[in-house]
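Summary of the model geometry
What follows is the residue order along each chain.
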Amino acid sequence: CLLFPVAGQAAGEILRVDTLPAAFYGLDARPSWSGVGRLYVHGPSGNVAVGDISRYNDRNYPAQRLEVDGSALIHGSVIFNNRNGESSVTVLDDNPAALTVRDQGASPTTYLVVNSETARVETHAPLHVLDTRIEAVDDKASGLSITAEEGNPLLTFDTTNGAENVRAIKPLNALDATDSCGTGTYGTCGSLASLVTTGGLTVGMKTFMTGTVRVSDITDATVSAAGTVDASVRLAGGLAVERSTAIKGSLKVLDTADGKESGAGALYVKGGAHIGGETYVGSTLDVESNTVVGGKLSVFYGLAVLRPSQFGGTVTVTDGTDARTVDDAAVVVQGGLGVGRKVLVGGSIQTQDTTDASDTATAAMMSAGGLAVAKDARVGGTAFVATVATNPGEDMFVTSGASLTTATAASEAYALKQGASDRVTFNAAGDVTVTAAASQTATLGGGHHTVVTADATFAATLRQGTAGSGAIGKVELTDSGVVMQSADNRPVTVTSGGALALASTNGADVTVSSSDDLTAAAVDVLTLRTAGYAVLTASRTSGDVVIDSVRSGSSRVTTIKGDGLTLSGDLGGTVIEGTGIALTACGTFYGTTQCADLAASGNNVAVAATAPRSSASITAVASGGTFYGVAAEEASLHSYAESGDSGVSLISGRKLPGHVRIQQQSYSTDAAAYIRTDRLVVRPTGAVTVTTGAEQHLTLASEGDVPSIVSLNAKAASISKQVTMTNRVAGAVTVATLRLHPGRSAAVTVTLEAHLTGRLQATLVAEFFIGHHSGDAPEPSDAVSPRRTGLRSAVSSVYGGASDVVVEVVVTPDDSAGVALTKDFAIKVYATDGGSGTAPMSS
């Protein structure tokens, strides 16, 4: 197919851009067309694209019915007809500006943004509503909500049928300053205000008003036979008025409390009282001071009691005054208060006595019995407690926001117990003991350092076991020395994260001994020294191990002995230096004892087998040296693998990568010299080169069917495969598998050489263009009719006169893991007839 416009194409010319006849596509397919290289019509799918032909062509055709590469200017209306049920405006997913509505001004104004990343429609200009309403969802408790950006609700419109209301979740501030009665005309107060409601008003908490409160309702105060009160203003609680009160009508106090002492009664007047008319007192009138009666005084009943009194029934005070001070409350007692039984207080209890608690009988508040507190208790001073305990099965937590100190007298003991057992004790002398339960662990640890100290003349001891337990291990620091001792038949292990030094002063010997094993381990370097010289050095970073003799006198001897002695090295290798070194390595392989001699000279090491089929082992080469392995007939690297993890490795490089070569050597009579030719080279850069001889094949073979051959880095690859073809589509065999990521495509050419039944030869050369479209057309599929194969061209022939034989192709996507994921497309072939109805036999 042509990917670019043909040279010399005239303006307005329509050019067919595929090379196959229309009949090739089947009954329902049509060829693709391009108009002057700017308008492209994809024949098989019917999709149309506006854009350069280099952008839209048979290898990169439009996936939607209409695609425009660039901006589009429409002078008319865009009309959506959802006759096929697909009318929608779809934007990119997870995009903060998936769709933007703006004008064409010099500095464009943005009006609307569709943010698919946050699933929001963002308005950047005022929203002008020309209709008279905004409709919410009907019959919903939250039919419409106004929220903050984080989703916190501010205002909710409840559209529940028959119970519609608006709920303000946050404070509602009306900044309008219109006075409700600014005109001075009471008749207009109902419509002049910052907040007007034609229905009732319910306030769930305190209300503070800075202006006057006027109630225009003229309902008079009434009292029913049952004692129910009603009026224009009705309060469920008390009424506190800090200034004068003027009442034009009568004042009725329905409280029946008697005024038997000063400050008590249904009506209490702290100052004087002036009554202009007659006064009726239905009970006792108690006057503490002189009383002047200008007229007649009638007392029908009542009693003034000036001495202690007893009440045989319940005393009820219905005054709802909260206690503010000792003389301002519903009940005020000038002296003490004695109660012989329980006291139930519905509010808080406060005592203004400041007496400090010096013992159980002296304090601002005392209890002769216990004290139960259901919630937190705070003590501003010191809390003196003889015993702190919880009920069985209950936890106790002691938490401090800063420091926490517990203390006893200097000569007293202190203990932390678990059950009846002491875990941490401080006796009167100051000894400290930490004891764990049987078979449990006692741990001393610190975030930075853990220090155990003792006075210079006393010992600091870590001990395991006791004298009678039969197993004692200890580390003891005394003024006479340091002792590290393990129990009998137990090892002592000393491990250092860096260097480990055992040293003594004044020329004393250093002895490390154990009745069993002794292990010294280091993370970095392990060195044993004597007389200032290192006799054994092991380095973690370089991997070197050096054993040397002490350089004293004229004779220096280094001896390494042992049965089955092995010297081996990793990465850097094992280095053996010296003069006159002779090593003999012997081993038994498959029942035969075989030996090899090792001789060293300079920087080159040569190894030669001294007996037939003997084996030699070299584990390292000195730095800068060269190793040659030479055999007269055949040289083999053989791993006697007992598991799949064993094998033979060729490793080059250490700090820097090296090269690896496999060469083939031949003799040239012209040059009278040997010529070495690289066959496989791995260069320090990681590049790999495989070279065959002239006119020779490079073959990748498999003992069975090869599951798949994958092209590297999306580059072109030519591969071959042998299969057995069948004569039925259900048994079509795979000749190639193409793996594609979503949205990717590739061109594949398949050349098939077949031997049919009767040794008839057949050939097929087919070109495919396969695209991954997440299961949508034009992605190949054998599940639709007619099948989509992605076939662009095909030439087949059968030799020997068997014109009735046809080779068919099928392309099957592997959707088992999902149609939109990376998947394989299997290109399959099978033999069929050319119209006779008799398919050839399988071959």
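Coordinates for the structure precede this section.
What comes next concerns the included structure.

Reading the values: rules and limits
- Every chain's residues receive numbers from 1 upward, in the order its sequence appears when written.
- Totals for whole chains, interfaces and linings use every residue, but because this is a predicted model, local features are given only for residues with pLDDT of at least 70 and side-chain atom pairs only at 80 or more, for both listing and counting.
- The basis for the side-chain values is all heavy atoms of the structure; hydrogens and waters are excluded.
- Here a helix means four or more residues in a row that DSSP labels H or I, a strand means two or more in a row labelled E, and each is numbered from the N terminus.
- Think of it in three bands: with a 1.4 Å probe and only protein chains considered, a residue is buried below 20% of the maximum accessible area for its type, exposed above 50%, and partly exposed in between.
- Should any heavy atoms of two residues lie within 4.5 Å, those residues are considered in contact.
- Only the protein chains shown count as covering a residue, and every accessible area follows the Shrake-Rupley method with a 1.4 Å probe.
- Each aromatic pair joins two rings of Phe, Tyr and Trp (for Trp, the six-membered one) with centres within 6.5 Å, and gets the label stacked for planes under 30 degrees apart, edge-to-face for over 60, and tilted for any other angle.
- Counting as a charge over the ring demands two things of the Lys NZ or Arg CZ atom: a distance within 6 Å of the ring centre and an angle within 35 degrees of the ring normal.
- At least two bridges found by DSSP between two strands are what make those strands a pair.
- Axis angles are defined between N-to-C directions and span 0 to 180 degrees, where every axis is a line fitted to C-alpha atoms and, for a helix, only to the segment in contact.
- Any Lys or Arg side-chain nitrogen located within 4 Å of an Asp or Glu carboxyl oxygen qualifies as a salt bridge.
- N or O atoms within 3.5 Å of each other form a polar contact, as long as, within protein, one can give a hydrogen and the other can take it, and as long as residues adjacent in sequence are counted only when both atoms are side-chain atoms.

Some points on the overall build of the chain
Looking only at helices and strands, one finds zero helices and 37 strands in the chain. A total of 843 residues make up the chain; the buried ones form 12% of that total. Of the contacts made within the chain by residues no fewer than 6 positions apart, 30% connect residues no fewer than 24 positions apart. Here the chain has roughly 67400 Å² of accessible surface; of this, 52% comes from carbon and sulfur atoms.

Section: the environment of Ala826
On the secondary structure map, Ala826 appears in strand S37 (residues 823-833). Judged by its relative accessible area of 13%, Ala826 falls in the buried class. Once the C-alpha coordinates of Ala826 and Thr812 are considered, the two residues, 14 residues apart in sequence, prove to be 5.1 Å apart. Sequence-distant contacts of Ala826, defined by excluding residues within four places in its chain, comprise Thr734, Ala736, Thr737, Val810, Val811 and Thr812.

Here we look at the packing of aromatic side chains
Here the structure, examined in full by the defined rule, presents one aromatic pair. The ring of Tyr56 carries Arg55 above its face, with NZ or CZ at 4.6 Å from the centroid.

Observations regarding the environment of Val819
With respect to the secondary-structure elements, Val819 resides in the loop between strand S36 (805-813) and S37. Dropping the residues within four chain positions of it, Val819 is found in contact with His772, Ser774 and Gly775.

Quick look at the pairing of S37
Counting buried residues in S37 gives ten out of eleven residues, a clear majority hidden from the surface. Inspection of the sheet shows strand S32 (residues 733-740) paired to S37 by seven bridges, in the antiparallel sense. Pairing of Leu738 across the sheet is with Phe825, part of S37.

Focus on the sheet that holds strand S31 (residues 688-690)
If you trace the three strands from one edge of the open sheet to the other, you get S29-S30-S31, paired in antiparallel fashion. Edge positions in the sheet fall to strand S29 (660-668) and S31, since each has one partner strand and no second. Each strand axis lies, on average, 40° off the axis of its neighbour in the sheet, ignoring direction.

With respect to the pattern of salt bridges
A side chain with one charge may pair with a side chain of the opposite charge, provided their charged atoms come close. This structure, assessed with the given rule, holds ten salt bridges. Ionic pairing is found between Asp328 and Arg324, a salt bridge with its closest N-O pair at 3.7 Å. Note on Asp328: relative accessible area 30%, which makes it partly exposed. Residue classification places Arg324 among the exposed residues on the basis of a relative accessible area of 56%. A salt bridge links Asp678 to Arg661; the nearest nitrogen and oxygen atoms lie 3.5 Å apart.

So, the sheet that holds strand S15 (residues 421-426)
Taking strand neighbours across the sheet as the criterion, the three strands line up as S14-S15-S16 in an open arrangement whose pairing is antiparallel. Each edge of the sheet is formed by a strand with only one pairing partner; in this case those strands are strand S14 (414-418) and strand S16 (432-434). Each neighbouring strand pair of the sheet contributes to a mean axis angle of 25°, computed without reference to strand direction. Direction of pairing for S14 relative to S15: antiparallel, over a ladder of five bridges. Bridge pairing in S15 places Leu416 opposite Val424.

What to know about the side chain of Asn57
Counting through the fold element by element, Asn57 comes out in the loop between strand S4 (48-50) and strand S5 (66-68). Among the polar contacts listed, one links the side chain of Asn57 to the backbone oxygen of Ile53, at a separation of 2.9 Å.

Topic: unusual backbone geometry
Note the cis peptide between Ala777 and Pro778, where omega equals 5°. Position of Pro778 relative to the elements: it lies in the loop between strand S34 (761-771) and strand S35 (791-798). Positive phi, normally seen in glycine, also occurs at Asp94, with a value near 55°. Of note, Asp94 is situated in the loop between S5 and strand S6 (99-102). Under the relative-accessibility criterion, Asp94 is labelled exposed at 52%. Its identity as a non-glycine residue notwithstanding, Ala119 has a phi of 55°, on the positive side. One can find Ala119 in the loop between strand S7 (110-115) and strand S8 (120-123).

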